[in-house]
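Survey of secondary and tertiary structure
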Amino acid sequence: MAQINVNVNGKTYPLVCAEGDQDRLSKLAAYVDAKCTDLTSKLGHVAENRLLLMLLC
């Protein structure tokens with residue numbers, strides 16, 4: 001198992017993944033982070049749990 005640190009919405013999260021999946025997981029986290037940035041720029045401060053829920057919609 002591999003471990004990486006990803007940044008989403010200004011926070012760092014350690015994640016464990018299968019060997020070889022580090023790049024894919026990093027790219028996915030960067031996508032989620034970009035969506036968080038986009039939403040907060042449009043809506044202002046939003047509670048983190050609501051922000052992440054809006055990302056799914």
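The tally for this structure, following the rule as stated, stands at three salt bridges. Glu48 is paired through a salt bridge with Lys11; the nearest N and O atoms lie 3.4 Å apart. With Glu48 in helix H2 (residues 48–56) and Lys11 in strand S2 (residues 11–17), this residue pair connects regions lying 37 residues apart in the sequence. Look at Lys11 and you get partly exposed, because its relative accessible area is 42%. The partner of Asp23 in a salt bridge is Lys27, with the nearest N and O atoms 3.2 Å apart. Taken together, the residues span about one helical turn, with Asp23 and Lys27 both in helix H1 (residues 22–43) at a distance of four residues.

So, about H1. The terminal C-alpha atoms of H1 lie 31 Å apart, and with 22 residues this matches the ideal 32 Å at 1.5 Å per residue to within 8%. Turning to H1, its buried residues are Leu25, Ala29, Cys36 and Leu39. Projected onto a plane normal to the axis of H1, the buried residues spread over an arc of 85° and lie on a single side. Residues of H1 that are exposed and angled more than 90 degrees away from the buried face: Arg24, Lys27, Ser41 and Lys42. Residues of H1 that are buried in the fold lie against strand S1 (2–8), S2 and H2. Within two residues after H1, Gly44 carries a phi angle of roughly 85°, on the positive side.

Turning next to the environment of Val16. Looking at the element boundaries, Val16 is found in strand S2. Note on Val16: relative accessible area 54%, which makes it exposed. Considering only alpha carbons, one finds Val16 and Leu39, 23 residues apart in sequence, at a separation of 27 Å. When residues no more than four places from it in sequence are discounted, the contact partners of Val16 are Met1, Ala2 and Gln3.

Time to look at the pairing of S2. Here S1 runs beside S2; their pairing, made up of seven bridges, is antiparallel. Its bridge partner being in S2, Val8 is matched across the sheet by Lys11. Between S1 and S2, which pair antiparallel one after the other, the connecting turn spans two residues, and Asn9 there sits at a positive phi close to 55°.

Scoring rules and cut-offs
- Residues numbered from 1 in each chain as written.
- Predicted model: local features only at pLDDT ≥ 70, side-chain atom pairs only at ≥ 80, totals over all residues.
- Heavy atoms only, no water.
- Salt bridge = Lys/Arg side-chain N within 4 Å of Asp/Glu carboxyl O.
- Helix = DSSP H or I, 4+ residues; strand = E, 2+ residues; numbered from the N terminus.
- Buried < 20%, exposed > 50% of the residue type's maximum accessible area, 1.4 Å probe, protein only.
- Expected span 1.5 Å × (residues − 1).
- Arc of directions from axis to C-beta.
- Contact = heavy atoms within 4.5 Å.
- Pairing = 2+ DSSP bridges.

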